[in-house]
Structures are given as structure tokens and as C-alpha cells.
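Chain by chain, the residues run as shown.
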Amino acid sequence: MRALLRPILVILLLLAPSAPLPAQETVDLVDIRLALWGNALDDIESETERYGLTGAESAALRERLTGLLEDIGEATGALDSALRPLYHQRDALGPPPAEGEPPEAGNVAAERTRLDAVIARFEGRMKQADLLVTRAKDLETRLSAVAREERVTRLLQRGPFPLAGDTISRALPEFLRHWGSMAEAPGQWWTQLSPAQQQDALIYRVLLVLVLAVLVGLVLRRLLIRYFGRDPAIREPSYARRLTAASTEALANGLIPALIFGGILNRMRAADGLVTGLFADMLITFCEVMIFFVVVRAAARAGLAPYQPAWRLVEFVPENARTLARRITLLAGVFAFHVFMLGATTGLDVSLELESLFATIAVTIEAGLLIALMPARLWRIDETKASEPDGEEAAAPSASRFWTVLRFLVVAIAFAAVVAMLLGYGGLGFKLIRSLVLSGAVIGGLYLVRGLFREMIGGAMRSDFLQDKLALRHPTRNLFKFWARALLDLLIFLLAVVLLLLIWGVPVADLRVWVRDAVEGFQIGNVTISLGDIFAGLVVFTVAMLLTRLLQQVLNEKVLPQTSLDTGVRHSISAGLGYVGVALAAALAISAVGLDLSNLALIAGALSVGIGFGLQNVVNNFVSGLILLIERPIKVGDWIIASGHEGYVKRINVRATELETFQRASVIIPNSELISSSVINWTHKNKIGRVEVPVGVAYGTDVDLVIDTLMECLRADDRILNFPEPFVLFQGFGDSSLDFEARGYIGDVEWVVFISSDLRIRIARAFKEKGIEIPFPQRDLHLKDIDKLVGALNGPDPVDDDPDPASPAPRRRRPPRGARVEIGEAGDGDGGGDT
């Protein structure tokens with residue numbers, strides 16, 4: 001059939017209008033662009049090899065490389081899009097005839113030759129583009145190394161020794177002189193303005209906007225604190241309430257003032273030329289450092305609540321919370337003043353001696369405050385406070401090994417910063433302290449943001465919309481909450497990593513390259529690993545699994561209950577759908593990741609050996625589970641006896657079947673045992689069962705009376721079916737009784753225990769009314785020489801025959817106290833005798 005269809009398809013392909021092939025002008029344009037990109041890379045390479053390349057120049061060159069890579073990527077994508085239909089057309093022609101086969105038609109051979117030529121031309125351009133990408137990435141690596149070397153050189157540049165006498169004698173007068181210049185800067189700026197500029201309405205508009213912003217901020221702050229802040233009347237607020245209040249306090253006392261200072265900064269930059277000189281540097285730097293200071297101070301007081309212990313997010317000891325808040329605020333203030341002096345004096349001629357001495361003093365104070373924040377006793381939890389039931393309250397970083405190591409590192413880095421400053425390495429010392437302070441601020445801010453969003457997720461899961469409108473059950477909402485919070489923690493972690501890398505000196509260009517390589521893929525041998533493809537595969541797999549579970553839920557709750565299928569068939573359909581969904585999700589995920597299925601086939605072939613040995617039982621159970629679902633010898637809800645256990649089938653999984661016993665214990669039975677061994681299924685085809693009640697009566701009882709009485713008891717129970725009819729069997733002559741058995745069929749075998757119990761009660765009452773005796777078990781015991789035994793026990797006391805004259809009086813052997821032997825006839829019964 002395939003041999004007949006192939007010529008037809010080829011003829012239709014040739015007769016149909018062919019897809020438009022790329023024009024020669026397009027190919028020439030690609031050649032021109034490739035040549036231009038090659039020349040640009042040559043220029044960048046020559047600049048890279050130039051001695052004395054600065055960090056700014058290397059950053060500019062990397063920006064050029066980034067633009068070139070983007071352009072080359074777009075061109076490569078266009079070429080790939082153009083090649084894809086060409087590949088399809090060539091595949092439609094089929095493989096060329098092998099050696100010894102008859103040649104193909106001339107028009108087919110011509111079309112194949114043309115397609116091969118066009119494909120070869122475009123593949124050549126793609127290889128050239130790939131070569132340019134490789135060159136650009138190599139240049140990026142070299143420029144990154146140049147920038148890194150330049151940063152290290154700058155950090156390790158040594159200045160004057162700060163504690164030297166010459167340094168101090170020169171720095172102190174210069175500091176006083178510059179401080180005076182800064183104090184006079186606002187007045188000098190005003191006097192330098194022309195009368196027209198002094199009367200310019202822009203200044204007054206800026207002041208008016210500033211006053212209005214302050215007033216609006218104060219009103220908004222008061223409203224937020226009144227309605228969402230801490231309420232002293234609440235003695236034991238919940239964690240959600242504390243988190244809301246802390247977020248409100250941080251917003252009102254930190255973000256709103258920061259926005260005001262940011263507005264001032266923005267207006268100053270917009271009014272270009274109005275504020276200039278030293279005063280402009282001072283004002284801009286002051287706004288920047290005040291934004292940092294008010295945010296850090298507000299966040300510390302919001303989280304620690306130094307004077308309201310009931311509202312703390314973490315239950316520190318009250319005195320420790322106040323100490324932490326004071327020291328964090330003081331550290332933020334000292335650091336802000338340090339940065340302000342550095343930024344405000346950029347336009348002044350500051351000597352290296354003054355820079356070294358001032359930086360050493362500031363860094364030493366900042367390092368001391370950082371070390372003062374590290375003692376474990378300050379981070380101790382108040383043991384009298386109970387933790388939140390939801391587990392939202394974070395543990396204090398006091399006892400954990402991680403926090404112990406982290407505190408040690410902070411102390412070591414702060415000490416190293418002071419040592420670097422004392423040795424004259426001002427750049428390195430300030431870099432270390434600056435990175436520590438900013439890292440602490442970032443971690444603290446992200447901690448508050450994480451807590452706020454986690455509580456928002458929890459509140460959303462408790463909303464009436466999800467409970468009533470979407471009808472999501474509590475376990476489902478808990479599952480959504482868990483994964484939403486896990487995703488939030490992942491995002492917070494990634495954001496923290498990026499910010500910390502930037503703080504500690506990793507350039508943005510390097511981060512961009514790392515992200516690009518992770519998304520586009522990197523080579524490990526012959527394997528390309530792309531985090532972007534992996535993430536896409538995970539998303540596709542997750543979505544496919546969610547759709548599968550949703551479809552299963554719809555079938556189980558909406559569709560299958562409306563059918564006449566029994567529970568076992570419904571479960572088989574649902575489980576089969578789940579298996580198909582998992583297989584499709586895995587196939588789609590593999591396709592999204594872009595894995596080569598031929599390599600997977602090789603791996604599967606290698607694993608087949610392991611499957612034949614180590615995984616034999618697993619595969620056996622899996623195949624047995626499929627057989628159980630297809631043949632359905634047992635179904636969910638069946639009452640079975642298997643492997644010595646009796647109960648109901650609750651679930652048939654891939655590897656094992658779950659059986660729930662009557663004692664509510666779960667028994668996990670491998671599927672292979674259910675296939676290879678005998679299984680008793682009480683409800684395989686239907687639920688009709690039989691009640692069997694054995695009963696014994698005394699010898700001499702009227703047999704017909706017994707049978708009639710048992711039949712009356714069977715017919716008196718409405719749950720016993722009339723067809724098949726109940727009956728009574730005379731089973732045999734027992735040791736102590738005549739044995740009968742009453743049997744009757746019931747419609748639901750699951751009630752056999754209760755019906756049997758009721759039937760026994762009815763039989764006992766009927767036998768009592770009619771005088772039918774249910775005998776006790778009886779035994780005949782024959783004793784030899786019974787007379788001698790009685791005489792030995794009840795006769796006269798025997799005396800020793802030959803008493804020793806020297807011995808004491810003869811001793812008589814007496815029977816045990818209370819011993820008595822009687823001889824009588826056996827009581828009633830058929831086997832009487834001496835007892």
C-alpha cells in the first residue's frame with residue numbers, strides 16, 4: 001500500500017504550487033549582514049586586546065556584543081523558519097534510490113537537487129552565524145575577565161595609612177574646611193542665582209508640591225495606622241493580624257516618607273540647571289540616603305515592635321527586641337551619614353588622607369555595630385510565648401547551625417573590613433561593609449515581603465469564592481496553598497540571590513550572560529542542557545497532569561455516576577484515563593524539552609537488562625495491575641479473601657492493591673500475588689450470598705420438629721430470598737448432638753454477618769419455646785481398679801509395718817484436707833457408665 005501511495009503523493013506535490021522559496025536577494029542580504037557582523041567583531045576584538053582598557057570601556061564593548069548577539073539570534077531564527085518547510089518538502093520526496101535500485105523520475109530528481117542546493121546554501125549561512133555567536137561569546141568572556149581584573153585592582157589599591165601622624169594632621173583641618181563649605185553651600189547657591197531666577201515660580205512650585213506631599217503623606221499615614229495598624233486593645237493578636245499591622249507600619253513609616261524624598265529627587269532632576277554645584281550634590285545624596293534610612297528604620301520597628309511585645313512577628317525577648325531595633329537604626333544612620341559624606345563631597349577636592357581617615361572611622365563604627373548585632377543571646381526566642389498553629393511564625397536564628405555559621409561569617413567579614421581599612425585598603429574595606437549592610441537590608445525586606453504574600457495566599461485559600469463558588473474542598477485548597485507558597489519561596493529565593501550577587505559586585509552584564517546561557521542552554525560534552533527547556537517541560541507536564549486530574553474528577557463526579565456502570569468499572573475507566581494522561585504528559589514534556597528519542601531508545605535498551613533482573617518484580621506488578629484493570633477479576637469495592645487477608649478493595653494502583661480489612665486496617669498486596677494465587681471474591685459477578693447457621697440438638701430430639709422449626713426461622717426473615725428457596729440439612733451424628741445446618745440465600749452478601757446473628761437469635765428463642773435442647777459436649781471416663789483407688793483414699797490410715805524402736809512415734813499418711821471421692825451413676829445421656 002505504501003509503495004502505491006508514494007508515487008501519487010510525489011505527483012500531487014509536483015503538480016501543486018510549491019511553497020515560495022527564499023529569494024536570492026534575501027540570501028545576499030544575509031551575506032551582507034554576516035559580513036558586517038564579522039567586521040564589528042573584529043573591531044571589538046582589537047579593542048579588547050588594547051592595553052589599559054577601563055571598566056567603563058569594557059562595559060560599552062559588552063553592550064555592543066549583546067546587541068550583535070540579539071541581531072544574530074534573530075537572523076538565525078529567520079533562517080531556521082525558512083529551512084523548516086524545505087525539510088518538509090524534501091522529506092515528502094522520500095529517500096533517494098539506493099545503489100542498485102531503478103532511478104527516480106527526472107522531475108523528482110530535479111526537484112530533489114534544487115531543494116538540496118537551497119538547503120545547503122541556508123545551512124552554510126546558519127553555520128556562519130553560529131561561528132559568529134561563538135566568537136561573540138568568547139569575546140564576552142575575555143571582556144568579563146578584563147572588567148573583573150580592573151575591579152580587583154581598584155579594590156586592592158592601597159592608600160595612605162590612616163593612623164599615621166601626617167595623615168591625621170592633614171585630614172582634620174581639611175575636614176573642617178570642607179564641612180564649612182558644605183554648611184555655606186545652600187546660601188552660596190541662593191546668592192549665585194540671578195534676581196529673575198530667585199523670583200522664578202518654579203522654586204515656589206517645588207516648595208508647594210513638597211508641602212502638599214508632606215501633608216498628604218501625614219494624613220495617609222494616620223489613616224493607615226488607625227485602621228490597619230497595631231491596636232493596643234488587642235492583647236493576643238493572631239499572626240495574620242500582626243503581619244498586617246507590621247506591613248502597615250512599614251508602609252506608613254517607611255514607604256510613604258521614601259516616596260516623598262523620591263518625589264523631591266525627581267523634581268530636582270527635572271529642574272535641570274536650577275540647583276547646581278555642591279548644594280545639588282548634597283541635596284541629591286541626602287534624599288537618596290534618607291530613602292534608605294527611613295525604609296530600614298521602619299522595617300526594623302515594624303518587625304520587632306520594640307515597645308509592643310504582643311505585636312512582634314518573631315517572639316524575641318522584649319529587652320532583646322528593643323536592643324536590636326536601636327542598634328539596627330543606629331547602624332542605618334551611621335551608614336547613611338557615611339554614604340552622604342561620600343556623595344556630597346564628590347565635587348570637592350578631597351585628599352586621599354581625609355578619605356582614608358574618615359572611611360576608617362566610619363567603617364570601624366559600622367563594623368562594631370554589625371558585630372554588636374551578632375550575639376546569639378540577642379536572637380533568643382521568648383519561651384513563654386506559644387508558636388502559631390499554622391507554623392507561619394519563623395524561628396529565631398539562634399540555635400540553628402546555619403545561623404551560627406552565618407553570624408561567624410558576618411563577624412569575620414566585619415573584622416576583615418576594619419583590618420583592610422587600617423592597612424590602607426579603603427576600597428576593599430568599604431566594599432565589605434557596604435555589602436554586609438545592604439545584604440542585611442535586602443534579606444530583612446524580603447522576609448517581610450515573603451510573610452505578607454504568604455499570608456495573602458493563605459487568606460485567598462480561605463476565601464468564600466474558593467469554598468462556595470468553585471467548591472474546592474479543604475484538602476485541595478491546602479494543596480494549592482502549599483504549592484503557591486513553595487513557588488513564592490522559590491521566587492523570593494531567586495530574587496534574593498540576584499540582589500545579593502549585584503550587591504557583592506557581580507556585574508549586571510555577567511548576570512545577563514548567565515541567565516541567557518541557562519535559558520538557551522549550555523554544552524556538557526555532546527549534551528545541551530537548557531533550563532528554559534526544562535522549565536517549559538515541567539510546565540507542560542504539570543498542565544497536562546492537572547488537565548488529566550480535572551478530567552478524572554469530572555468523570556468521577558459528573559459523568560460516571562449518571563451511568564449504570566458499577567463502582568469497579570468506573571474505577572477502571574478512571575485509572576486507565578490516569579495512565580494515559582501520565583503517558584501523554586511525559587511525551588509532551590519530552591517533546592518540549594527537546595530530547596532526542598533515539599538516545600532515549602538506547603537508554604531504554606540498556607535499562608532492559610536492569611529490568612530483566614533488578615526491576616523484574618516492579619515490572620511484574622505493573623503488568624499485573626494492568627491485567628487487573630482490563631480483566632477485572634477484582635474491582636474496587638469487592639469483598640475478597642487474598643493472601644490470608646479479608647476485606648474490601650479500596651484502590652488498585654500501579655504496583656499494588658490496597659485492601660481494607662473489617663478492622664479498618666490497610667493491607668498492601670502486590671498485584672502479582674493477586675494474579676498468580678487464588679483469590680476468593682464474594683462480590684465478583686453479583687452480591688447474592690448464602691447464610692449458613694450450623695446448630696446441634698440433643699440425642700432423642702424429634703428430627704422433623706427441628707427441621708420445621710429451622711425452616712420457620714428462615715422464612716421469618718424478609719432478607720432471606722424465596723428463590724433460591726431456603727433449606728435445612730441434617731449434617732450428621734456428632735459426639736454429643738445431632739448436627740443440622742440452616743441455609744438461605746440473601747440479596748447482599750455484605751449483610752451476611754448481621755443476618756446470621758439475627759437468625760441465631762431467632763433459632764435460640766424458637767428452640768426454647770418448643771423445648772428443643774442444645775446439649776453440652778459429653779465424655780465417658782472409665783477408670784480401672786476403682787475400688788482400690790477409693791480404699792486408698794477413704795480407708796483407715798495405714799501405719800508403717802516395722803517401726804524403728806529408736807525412732808519417734810509412727811507417722812500416719814493422711815489424705816489431703818477436703819479430699820473426697822464419690823461413686824455414682826452417670827446422669828442422663830445415651831452413653832451412661834460409672835464415673
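Reference entry: report on the structure contained in this document. What you see is a predicted model, and the numbers here were worked out from it, not measured in a lab.

Digging into the nonpolar core
Line of reasoning, step 1. Core analysis: the biggest nonpolar cluster contains 60 residues, and Met182, Val275, Met282, Phe340, Ile433 and Val437 have the highest contact counts within it.
Line of reasoning, step 2. At the level of secondary structure, the elements contributing two or more residues to this core comprise helix H5 (165-192), helix H8 (239-270), helix H9 (277-304), helix H10 (318-344), helix H11 (352-372), helix H12 (401-422) and helix H13 (426-461).
Line of reasoning, step 3. Looking at this core element by element, the count peaks at 12 residues for H9.
Line of reasoning, step 4. Not counting residues within four places of it along the chain, the set of residues in contact with phenylalanine 340 comprises Met182, Met282, Thr285, Phe286 and Val289.
Line of reasoning, step 5. Grouped together as the second largest cluster of nonpolar side chains are 30 residues, Trp37, Leu69, Val108 and Met126 included.

Description of a nonpolar patch on the surface
Line of reasoning, step 1. A surface patch of nonpolar side chains, about 680 Å² in accessible area, is lined by Val618, Val619, Phe622, Val623, Leu626, Ile627, Ile630, Val654 and Ile675.
Line of reasoning, step 2. Per element, the largest residue contribution to the nonpolar patch is seven residues, and it comes from helix H20 (residues 616-631).
Line of reasoning, step 3. Among the structural elements, isoleucine 675 can be located in helix H21 (residues 671-676).
Line of reasoning, step 4. Classification of isoleucine 675 by relative accessible area gives partly exposed; the value is 35%.

Observations regarding the environment of arginine 33
Line of reasoning, step 1. Relative to the elements of secondary structure, arginine 33 occurs in helix H2 (residues 24-48).
Line of reasoning, step 2. Residue arginine 33 is classed as partly exposed on the basis of its relative accessible area of 33%.
Line of reasoning, step 3. With 96 residues separating them along the chain, arginine 33 and alanine 129 place their C-alpha atoms 9.9 Å apart.

Let's talk about the pairing of strand E6 (residues 666-670)
Line of reasoning, step 1. Burial along E6 is one-sided: Val667 and Ile669 are buried, and none of Ser666, Ile668 and Pro670, which face the opposite way, are.
Line of reasoning, step 2. Note: strand E5 (residues 656-661) against E6, five bridges, orientation antiparallel. Residue pairing for E6: leucine 659 is matched across the bridge by valine 667.
Line of reasoning, step 3. What sits between E5 and E6 in their antiparallel hairpin is a turn of four residues, with arginine 664 showing a positive phi close to 65°.

Some words on the pairing of strand E3 (residues 639-642)
Line of reasoning, step 1. By the bridge criterion, four bridges tie E3 to strand E4 (residues 645-652) in an arrangement that is antiparallel. Directly across from isoleucine 641, in E4, lies its bridge partner glutamate 646.
Line of reasoning, step 2. Between E3 and E4, which pair antiparallel and follow one another directly, the connecting turn spans two residues, one of which, serine 643, has a positive phi of 55°.

Thoughts on the pattern of salt bridges
Line of reasoning, step 1. Throughout the structure, instances matching the rule amount to 24 salt bridges.
Line of reasoning, step 2. In this structure, the salt-bridge partner of arginine 90 is aspartate 116, at a minimum N-O distance of 3.1 Å. Here arginine 90 is found in helix H3 (residues 55-92), whereas its partner aspartate 116 is found in helix H4 (residues 106-155), with 26 residues between them in sequence.
Line of reasoning, step 3. By relative accessible area, arginine 90 is classed as partly exposed at 26%.

A word on the packing of H9 against H10
Line of reasoning, step 1. Two elements in contact, H9 and H10, have axes separated by 9 Å at closest approach and are oriented at 165°. The orientation of H9 relative to H10 falls into the category roughly antiparallel. Along this stretch, H9 crosses H10, giving a crossing that reads as right-handed.
Line of reasoning, step 2. For the contact of H9 with H10, the per-class residue count stands at 19 nonpolar, four polar and two charged.

Side note on the sheet that holds E5
The pairing of strands in a sheet comes from backbone hydrogen bonds and takes either a parallel or an antiparallel form.
Line of reasoning, step 1. Taken in spatial order, the five strands make up an open sheet running E6-E5-E4-E3-E7, and their pairing is antiparallel. Two strands bound the open sheet, and with one partner strand each, they are E6 and strand E7 (680-681).

Observations regarding the side chain of serine 351
Line of reasoning, step 1. Mapped onto the elements, serine 351 comes out in the loop between H10 and H11.
Line of reasoning, step 2. Among the polar contacts listed, one links the side chain of serine 351 to the backbone nitrogen of leucine 354, at a separation of 3.3 Å.
Line of reasoning, step 3. Ignoring any residue separated from it by four or fewer positions in sequence, one finds serine 351 in contact with Arg170 and Glu174.

A closer look at the sheet that holds strand E9 (residues 727-733)
Line of reasoning, step 1. Spatially, three strands are ordered E8-E10-E9 in an open sheet, and the strand pairing comes out antiparallel. The strands lining the two open edges of the sheet, one partner per strand, are strand E8 (689-697) and E9. Taken pair by pair, the neighbouring strands of this sheet meet at an average axis angle of 25°, ignoring direction.
Line of reasoning, step 2. Judged from the six bridges that link them, E9 and strand E10 (residues 738-746) form a sheet pairing that is antiparallel. Bridge pairing in E10 links phenylalanine 727 to arginine 743.
Line of reasoning, step 3. In the packing of helix H22 (residues 703-715) onto the sheet, the strands contacted are E8, E9 and E10, and the crossing angle to E10 comes to about 25°.
Line of reasoning, step 4. Against the sheet, helix H23 (residues 752-770) engages E8 and E10, with an angle of about 30° to E8.

Some points on the side chain of arginine 112
Line of reasoning, step 1. Looking at the element boundaries, arginine 112 is found in helix H4.
Line of reasoning, step 2. Judged by its relative accessible area of 8%, arginine 112 is buried.
Line of reasoning, step 3. If sequence neighbours within four positions are ignored, arginine 112 has contacts with Leu93, Gly94, Pro95, Pro96 and Glu104.

A short note on helix H17 (residues 531-559)
Line of reasoning, step 1. Taking 1.5 Å of rise per residue, the 29 residues of H17 would be expected to cover 42 Å, and the 40 Å separating its terminal C-alpha atoms lies within 8% of that figure.
Line of reasoning, step 2. Every buried residue belonging to H17 is among Gly537, Ala544, Met545, Thr548, Gln552 and Leu555, and all of these are buried.

Quick look at the packing of H5 against H11
Packed helix pairs are characterised by how far apart their axes lie and by the angle those axes make with each other.
Line of reasoning, step 1. Interaxial distance between H5 and H11 falls to 8 Å at its minimum, and their mutual angle equals 90°. Viewed along their axes, H5 and H11 adopt a mutual orientation that is roughly perpendicular. Where H5 abuts H11, its residues Thr167, Ile168, Arg170, Ala171, Leu172, Glu174, Phe175 and His178 lie against Glu353, Leu354, Leu357 and Phe358.

Rules behind the numbers
Residues numbered from 1 in each chain as written. Predicted model: local features only at pLDDT ≥ 70, side-chain atom pairs only at ≥ 80, totals over all residues. Heavy atoms only, no water. Core = buried A, V, L, I, M, F, W, Y, C linked by side-chain atoms within 4.5 Å. Buried < 20%, exposed > 50% of the residue type's maximum accessible area, 1.4 Å probe, protein only. Helix = DSSP H or I, 4+ residues; strand = E, 2+ residues; numbered from the N terminus. Contact = heavy atoms within 4.5 Å. Patch = residues over 30% accessible without salt bridge, like charges linked within 9 Å, V, L, I, M, F, W, Y side chains within 5 Å. Areas by Shrake-Rupley, 256 points an atom, 1.4 Å probe, with all protein chains shown as cover. Salt bridge = Lys/Arg side-chain N within 4 Å of Asp/Glu carboxyl O. Pairing = 2+ DSSP bridges. Axes fitted to C-alpha atoms, helices over the stretch in contact; angles between N-to-C directions. Parallel < 35°, antiparallel > 145°, perpendicular 65-115°, else oblique. Left-handed = near helix turned anticlockwise from the far one by under 90°. Nonpolar A, V, L, I, M, F, W, Y, C, P; charged D, E, K, R; others polar. Polar contact = N/O pair within 3.5 Å; in protein donor to acceptor, adjacent residues only side chain to side chain. Expected span 1.5 Å × (residues − 1).

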